[in-house]
Structures are given as structure tokens and as C-alpha cells.
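# Structure assessment
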Amino acid sequence: MALEHALLVSLSERTASGLELTRRFDKSIGHFWTASHQQIYRVLGRMERDGWVRSEVVAQQGRPDKKVYEVTEPGRLELERWLAEPTAVEPLRSELMVKFRGASYGDRAALIEQARAKLVEHTQRLALYESMEARDYPDPPALTGRELDIYLVLRGGVRMEQFWIDWLTDYLQAHEPAVVARRTGSS
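Computed from a prediction, not measured in an experiment: that's the story for all the values here.

## Section: the UniProt feature "domain: Transcription regulator PadR N-terminal" (unreviewed entry) in the protein chain
Per the UniProt entry, the sites bearing "domain: Transcription regulator PadR N-terminal" (unreviewed entry) are residues 7–80 in this numbering. Between the end C-alpha atoms of residues 7–80 the distance is 13 Å, and the span holds 51% helix and 26% strand.

Below, the structure written as C-alpha cells:
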């Protein structure tokens, strides 16, 4: 997926200035696709040159003018084309998994600490997703259309975090006795 398509999705949901878009991106699509603010602004410029979005300069009181972007017909057609395109199976890329695979060749105790830290991160992210779910979607069976799509993506995020928590917990439980024994000098 190109960043352009993520931005087309976000702008299709609601027009936005570059700053508003980066803030919204951080709070929604950014949970699943990362991009720096600089990348977003650079890609918005390219999308505007390509005719996928247009901007309108809006004057502000006491602040510089801002550009508000919206999707154009060519942008809508590109998004429609991309949405219909088959999606390949996404390969799992995890630096942590590669490190764990090579743990026998290095400092396993350091990797155990990384696993503990990652477990905390994923537990916190799961709590965030679950709070968003409870706050924004109290009646999932009543959802339709766009709101149902957004909810189901959030559910996917919940399940991914649950996977990481389960897997990291398994890893830690399997290795903690060996790490404790090595630290205390017992076998």
C-alpha cells in the first residue's frame, strides 16, 4: 500500500488541512500504517500535482492561512481502483521475532527484557483500543456502512494486540526459569 491510498481514505472520510490530517492520521489510520508528518505533507503535494486532491486556502484569525485538501474525481477513481485490486498476503515482518530466533547466539537475558517491554507496550495499546471500542461503539450490531468498516478494523487491531500479548507471554513463560537459574548460578 502506498501512503497515497491511506491519505485518500482519510480525506474521503473528511476534508482536512495538512495539520488536521496528520493529527487524524496519528489517531486512526496511524495505528496500522505509519508515516511522518513530513512524509504526509510531501505526498499531499505530489497528490495535488497528480490531480488526486485539490486544496483551498482558508484564512485564519491570528494564524497563517491553511490549505484544506479534498479528494477530486481522479482521486476517487484511483481509490476505487486500488480498493478493488487484490491484496497480497501480507508478510509478517518482525525484528523482534528474528532476534528471538537468534537468541541462542547472544544475550538472551537482554532479549527477555525486550520481551517484557514489548508486552507492556502491547498491553497498553490493547487497553487503548478496547477503550476506543467501548467509547465509540457501544452497540456493534447496530453498525452499518462506514462505521461498521471502522469498527471492524478496530476489532482487527484488538485481535492483533491480543496475539502479541499471548505470544510474548508464551515466550517469557518458556524462558524465565532458564534466565532465573542462570542469574542465580543454579542449573
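That was the structure; now back to the text.
## With respect to the nonpolar core
Formed by 20 residues in total, the largest nonpolar core has its most connected members in Leu-3, Leu-7, Leu-11, Phe-25 and Ile-40. Elements with a contribution of two residues or more to this core: helix H1 (3–13), helix H2 (18–27), helix H3 (37–49), strand E3 (63–71) and helix H4 (73–84). Ranked by residue count, the leading element in this core is H1, at five residues. With sequence-adjacent residues up to four places away left out, Leu-7 is seen in contact with Leu-21, Phe-25, Ile-40, Val-43, Leu-44 and Met-47. With 19 residues, the next largest nonpolar core counts Leu-96, Leu-111, Ile-165 and Tyr-171 among its residues.

## Some thoughts on the domain arrangement of the protein chain
Structurally, the protein chain comprises domain 1 (3–84) and domain 2 (95–175). Its C-alpha centre places domain 1 at a distance of 28 Å from the equivalent point of domain 2. Between domain 1 and domain 2, the contact holds four residues from the first and seven residues from the second. Along the contact surface separating domain 1 from domain 2 lie one salt bridge. A salt bridge links Glu-13 to Arg-146; its shortest N-O distance comes to 3.9 Å. Counting across the domain 1 and domain 2 interface gives zero residue pairs in polar contact (both at pLDDT 80 or more).

Basis of the calculations
Residues numbered from 1 in each chain as written. Predicted model: local features only at pLDDT ≥ 70, side-chain atom pairs only at ≥ 80, totals over all residues. Heavy atoms only, no water. UniProt positions renumbered as here; feature names shortened; annotations may be inferred. Helix = DSSP H or I, 4+ residues; strand = E, 2+ residues; numbered from the N terminus. Core = buried A, V, L, I, M, F, W, Y, C linked by side-chain atoms within 4.5 Å. Buried < 20%, exposed > 50% of the residue type's maximum accessible area, 1.4 Å probe, protein only. Contact = heavy atoms within 4.5 Å. Domains from an automatic or database assignment. Salt bridge = Lys/Arg side-chain N within 4 Å of Asp/Glu carboxyl O. Polar contact = N/O pair within 3.5 Å; in protein donor to acceptor, adjacent residues only side chain to side chain.

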